[in-house]
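This is what each chain is made of:
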Amino acid sequence: MANETSLKALSQKHRDSPTEKLLPEELTLLIDAFIPTPEDSSIRALSLLFLSQFSSNIRYKYATQSDTDIATAVLVRTFAPLIETRLGETQESTTLSGINFLASFFQVDPRSGSQIFLRDGLVDAVMDAIDLYPSSRAVPVAIANLFSQASGNRECRPELSSPEIKSWLEVKSRQTNDSSLRASAAVALVKLSRGSRADAENSAVNGISTSTPKDEINNGEDEVKLVELMRNLVISEGQPSSATLDAVEGLAYLTVQPMIKESISRDSALLKSLISLIPRRSNAPSFPASHADHTSQMPTNQNIDLGLHYGIAAIIFNICSYKPRLSDEEQQMEKLKRMARVPVGDGKLSASDASALSDVEKLDDDSHVAARGKRLLDCGILDALSGIIKQGGGRSLGNRNTAIQRIQRAAAASILALIEDKSNRGKILQGGGARALLAIVQSSLADLLSREGNAQQMVDALDSADLAAIQALAKLSITSPPPAVFGSAQDSYIDAMRPFAILLCHSSSSLLQRFEAIMALTNIASVSLEAAERVTETTVGDIVKRVEGLLLENNTFLRRAATELVCNLVNGANGSFEYFGGTAKSNAKSRLLILIALSDVEDLQTRLAASGALAILTVSPFACQSLAKLEIERHRVLPILVELISPEIAQEYREEIEEDSEEQEERRGSGDPGLVHRGVVCVRNLFANIEGQDERKAMSLEAEKSGLVRALIQTIKSSPADTDNNVILKPAAEVLKWILQAGVKLPL
């Protein structure tokens, strides 16, 4: 029989000297851990830990091989004969160990588990156990659990779709004597139903239609019955148990259906029962520092708790997540899927069925999803998510248990979905949502900064699944002051720059994630000069260089956000001021030229930010001399500044040199007060920093040719006499005075 001491010794032996071969007595020790005993939970945990380590080592060893099935073949060759031998025995405990071992192996290495499950005669041997032990209560539960694990695998589902197996599962899901058996059988049926439907849709896209919308309606009715079964199990059990775990897992699968999402979101009794399954922080078990210690010291119910937490987080996510925004190509693929599901012949939908299917699909539109999210928040679901997150907080990335990683990622994705509705964000902040997200982020980033490699390699070391928590924090930071999100201490929100820098620079980040990261950094940079300086100095991902690249982005919103961040940084950080043209740094002139070009784009907010950055940078003599040189050489600086001050006059001067000005005329309207102010300040700084009479004379002539003189005069004349508008009038008058002194006559 297996015992903790022997299993710990086996684990230590293979940590010290990894090998792909196990001795016969070691294999026996592993599988004996799955013989039912009063202490089987802790012993199985140790056996599962070793299986996970052993399988990971095999996968790692053959990761670089061109044949990706080598590792699978090694694992199947190692464990399949042992499992088959156990299933051929006539002693109940021995047979049970084989069934339980294979069910657990699916969780450790699904690819190898499925290959063993599909070996000739194995499923028949499992079904024979039902007849061999007709009075056993443990054998049917073990078989139902194995089928539940296997039905989640696409390759195994055809084997489980036989009338004999489906009939057996349906009978066991309806019996009421054993809740664990009932739940496991029901979960297997759910996985078969959902998985078979997904398989059919994928086949349909490839030209093989095997299901119809009418089948989908009928399947939906069957799944409603399964939901009721799972619901009653959760409410009646009222505490963590294997039956509750199976019921929650089943609900997690079923809540991908719009109708079921809507139903559960309105079921306060079920939601409260789910929330009650999550312990408060004070009751949470303490977690050891290392992965190995964590598993070996795990309480007997901890595996159930972790499974429940993941299942509940998945249910919440399914209910409140919005449909993804599809690209044109993805929309076309979705149309193909819909066309493939259109039936022919006898399967054709009636008008009423088509209407019913359409009504079901509408339950997943944005308005219904938003309403479901509000109902969940009103039910206290945020406390549940915070509780789930706290159970696994405080460990570094290298020591985070894989199960806890999955739980935290699911919880973060759920909070991200709830945050999507801006009206929820205040309630989420008040309920501690930001603190919960910070706990996940700190856990995932704990050892990231100590990794070797260049900045981009360090950033990309973070799994892309961990970006959801950072994105949720970014959304909160965009619509709320940083102190409200991170606390009043300045260091608290300055520390948030690192995760936002990672979100911005990660190679897997979407355009939306980069946009939101920039917006969050902009808000932080606007809090204080020190905050702006710290953003500039952040080495993670090199924010400033990444933002510079995004100034040329085709996406209007991303380019606008990048320009606004640059404006904030040059205003508050010496490093950014120097980098973007305040001093003679490498490529400083080209960055000034980019800002000049951005001051002439169609988007008003981008023009305001770019010209604002120029107004700040032009206090530098170097920037002004660089711009003056650009004007003399290319004649493009002053015309753009004139466009800021007076689009009408700029248009008149453009018509003299351009035959076709229709596009420009459509794009420009009357001068925006903000643009006028920025343009006048830029011109004033430019002339104030020109050294030498000849240079000023040349720039004054350029000012006359470009229409700047007329634009400044018009600005002064159009300002109301009773308005104190010195921020524009005074610098405009100064420029006209310098131009007049340079010998250029001013038009009356």
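These numbers come from a predicted model, not from an experiment. Each chain carries its own residue numbering, running from 1 in the direction its sequence is written. Per-residue local features are limited, in this predicted model, to residues with pLDDT of at least 70; the limit for side-chain atom pairs, both in listing and counting, is 80 or more; totals at the level of whole chains, interfaces and linings are taken over all residues. No hydrogens and no water enter the side-chain calculation; it runs on all heavy atoms of the structure.

Quick notes on unusual backbone geometry
A positive phi angle, close to 60 degrees, is found at His635, a residue other than glycine. Topologically, His635 is positioned in the loop between helix H37 (621–634) and helix H38 (637–645). For His635, a relative accessible area of 41% puts it in the partly exposed group. Secondary structure elements follow DSSP: runs of H or I of four or more residues count as helices, runs of E of two or more count as strands, with numbering from the N terminus. Only protein chains enter the accessibility calculation, which uses a 1.4 Å probe; a residue whose area is less than 20% of its type maximum is buried, one above 50% is exposed, and one in between is partly exposed.

Quick notes on the pattern of salt bridges
One speaks of a salt bridge when a side-chain nitrogen belonging to Lys or Arg is within 4 Å of a carboxyl oxygen belonging to Asp or Glu. Inspection of every chain in the model, using the stated rule, returns 25 salt bridges. Residues Asp178 and Arg137 are paired through a salt bridge, measuring 3.7 Å at the closest nitrogen-oxygen approach. Of this pair, Asp178 sits in the loop between helix H10 (163–174) and helix H11 (179–205) while Arg137 sits in the loop between helix H7 (122–132) and helix H8 (138–150); the two residues are 41 residues apart in sequence, bridging distant segments of the chain. Owing to a relative accessible area of 58%, Arg137 belongs among the exposed residues under this scheme. Here Lys427 ties to Asp378 by a salt bridge, and the two come within 2.9 Å at their closest N and O atoms. Highlighted residues: Lys427 in helix H23 (residues 425–430) and Asp378 in helix H20 (residues 366–378), separated in sequence by 49 residues. Note on Lys427: relative accessible area 43%, which makes it partly exposed.

Description of the packing of helix H14 (residues 258–265) against H20
Between N-to-C directions, angles span 0 to 180 degrees; the directions come from axes that are lines fitted to C-alpha atoms, helices contributing only their stretch in contact. Two elements in contact, H14 and H20, have axes whose closest approach is 9 Å; the angle formed by their N-to-C orientations is 30 degrees. Viewed along their axes, H14 and H20 adopt a mutual orientation that is roughly parallel. Pair H14 / H20 crosses with left-handed handedness. Note on element contacts: H20 touches H14 through His368, Arg372 and Arg375, opposite Pro258, Lys261, Glu262 and Ser265. Throughout, the term roughly parallel applies to angles under 35 degrees, roughly antiparallel to angles over 145, roughly perpendicular to angles from 65 to 115, and oblique to all others. Crossing handedness is read from the near helix: turned anticlockwise from the far helix by less than a right angle, it gives a left-handed crossing, and turned clockwise, a right-handed one. Here, two residues are considered to be in contact whenever any of their heavy atoms come within 4.5 Å of each other.

Considerations on the nonpolar core
By convention a nonpolar core is built from buried Ala, Val, Leu, Ile, Met, Phe, Trp, Tyr and Cys residues, the set being connected through side-chain atoms within 4.5 Å. Met230, Leu437, Leu473, Phe500, Leu504, Phe687 and Leu708 are the most contacted members of the largest nonpolar core, which totals 160 residues. The element that contributes the greatest number of residues to this core is helix H22 (residues 402–419), accounting for ten residues. The contact partners of Met230, leaving out residues within four places of it in the chain, are Ala186, Val187, Val190, Asp246, Ala247, Gly250, Leu251 and Leu254. In terms of nonpolar packing, the next biggest core, distinct from the first, is built from 58 residues, Ile31, Leu51, Tyr62 and Val126 among them.

Thoughts on the packing of aromatic side chains
Each Phe, Tyr or Trp ring, with Trp reduced to its six-membered ring, pairs with another whose centre is within 6.5 Å; inter-plane angles below 30 degrees give stacked pairs, above 60 give edge-to-face pairs, and intermediate values give tilted ones. Per the counting criterion, the structure on display carries eleven aromatic pairs. Aromatic pair Phe147 and Trp168: ring centres 6.2 Å apart, planes at 85 degrees, arrangement edge-to-face. Of this pair, Phe147 sits in helix H8 while Trp168 is found in helix H10, placing the two residues 21 residues apart along the sequence. One exposure class covers both Phe147 and Trp168, and it is buried. Three or more aromatic residues link up through ring pairs in this structure, and these residues are Phe34, Phe50, Phe54, Phe79, Phe101 and Phe105. For a lysine, the NZ atom is tested; for an arginine, the CZ atom; a charge sits over a ring if that atom is within 6 Å of the ring centre and within 35 degrees of the ring normal. Taking NZ or CZ as reference, Arg406 lies 4.1 Å from the ring centre of Tyr310, over its face.

Honestly, it's all geometry; don't read function into it.
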